[in-house]
Each structure stands twice: as structure tokens, then as C-alpha cells.
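Coordinate analysis (summary)
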Amino acid sequence: MAKYFVSQTLNLNGTKTTASFQMEGDDADVIALCALLEGAYEVKKVDEALSNTAGKDTLVTVSNPVSKITLNGPQNQFSVIRPYSGLIHFKQSASVDDIKASLAACKPFALLPTEKATSINVNNKEFYA
């Protein structure tokens, strides 16, 4: 298990949009989740092979915005994937079930490194302060 920093860049309705978030897991977990992201993304773990920056200037008119993903585990363990600001933009074709399925094998709990999430919640609503 390792810690990853993901930076996403996309052109949403003519506006350059970026979001960054952190997650813990294995390479396969990051690859599965990032395959559903809209636009370009960069993963930092000192392993540049996981990044895809080819779509950073591609015009995106509609995305599937997510503000937070919570992975709940045994013994009150939880892990949260959320951007430092803004939203994570997934491909419009990526459903909540697709996002959950991409994280189903993830083992994100530092205190229980062999345990998978018992439930995954995807918050795809935008909140305004």
C-alpha cells in the first residue's frame, strides 16, 4: 500500500479546471479509479508510469463531478478521497457504480492493510458555501 497524489486537469465548458486529491492503495487501485476521470490526470508516487497527461487541453462540455468518496471498513476504519478544492471530474459515462467497482479491491486502511472497504459512498452533489 502506498500514498498517491492525483492532479486532474480538464477544459470544462471552455474553462481550465483543476482538482487534486490524495488516496492510499495499490497501483491497481489508482489505475482503476483514474481510468474513470475526465480530462488529464497526473499521479505522484515517484512512479510516473501511472500518469496520463494527454487529455489536459481536450474540451469537455459535460462531466460527472464528485466532491468526495468515502471508503468505510471494519473496526470503524475509513478513508476519504476528496479534492483539496473544487471537484473531481469523472467521465460522463462513469456511473457511481463504476466508481465503486473501481475501488472494490482497494485496501486503503493504514491500521488494517489487508482489509477491503465494506462500503463505498460517492458524493456526486455540488455544495455551495
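Rules behind the numbers
Residues numbered from 1 in each chain as written. Predicted model: local features only at pLDDT ≥ 70, side-chain atom pairs only at ≥ 80, totals over all residues. Heavy atoms only, no water. Salt bridge = Lys/Arg side-chain N within 4 Å of Asp/Glu carboxyl O. Helix = DSSP H or I, 4+ residues; strand = E, 2+ residues; numbered from the N terminus. Buried < 20%, exposed > 50% of the residue type's maximum accessible area, 1.4 Å probe, protein only. Pairing = 2+ DSSP bridges. Axes fitted to C-alpha atoms, helices over the stretch in contact; angles between N-to-C directions.

Below, the discussion takes up the pattern of salt bridges. Throughout the structure, instances matching the rule amount to one salt bridge. Across the pair Lys-45 and Asp-27 runs a salt bridge, and its minimum N-O distance is 3.1 Å. On the criterion of sequence distance, the pair formed by Lys-45 in the loop between β3 (40-44) and β4 (59-60) and Asp-27 in helix α1 (residues 27-34) is long-range, its members being 18 residues apart. The class of Lys-45 is partly exposed, set by a relative accessible area of 31%. On the basis of relative accessible area, Asp-27 is assigned to the partly exposed category, the value being 27%.

On to the sheet that holds strand β7 (residues 78-81). Sheet strands line up and pair through hydrogen bonds in the backbone, either parallel or antiparallel. The sheet built from three strands is open, its strands ordered β7-β6-β9 with antiparallel pairing. This sheet does not close on itself; its edge strands, each paired only once, are β7 and β9 (119-123). Adjacent strand axes in the sheet meet at a mean angle of 15°, parallel and antiparallel pairs treated alike. Where strand β6 (residues 68-72) meets β9, five bridges bridge the pair, whose relative direction is antiparallel. Among the inter-strand pairings, Leu-71 is bridged to a residue of β9, identified as Ile-120.

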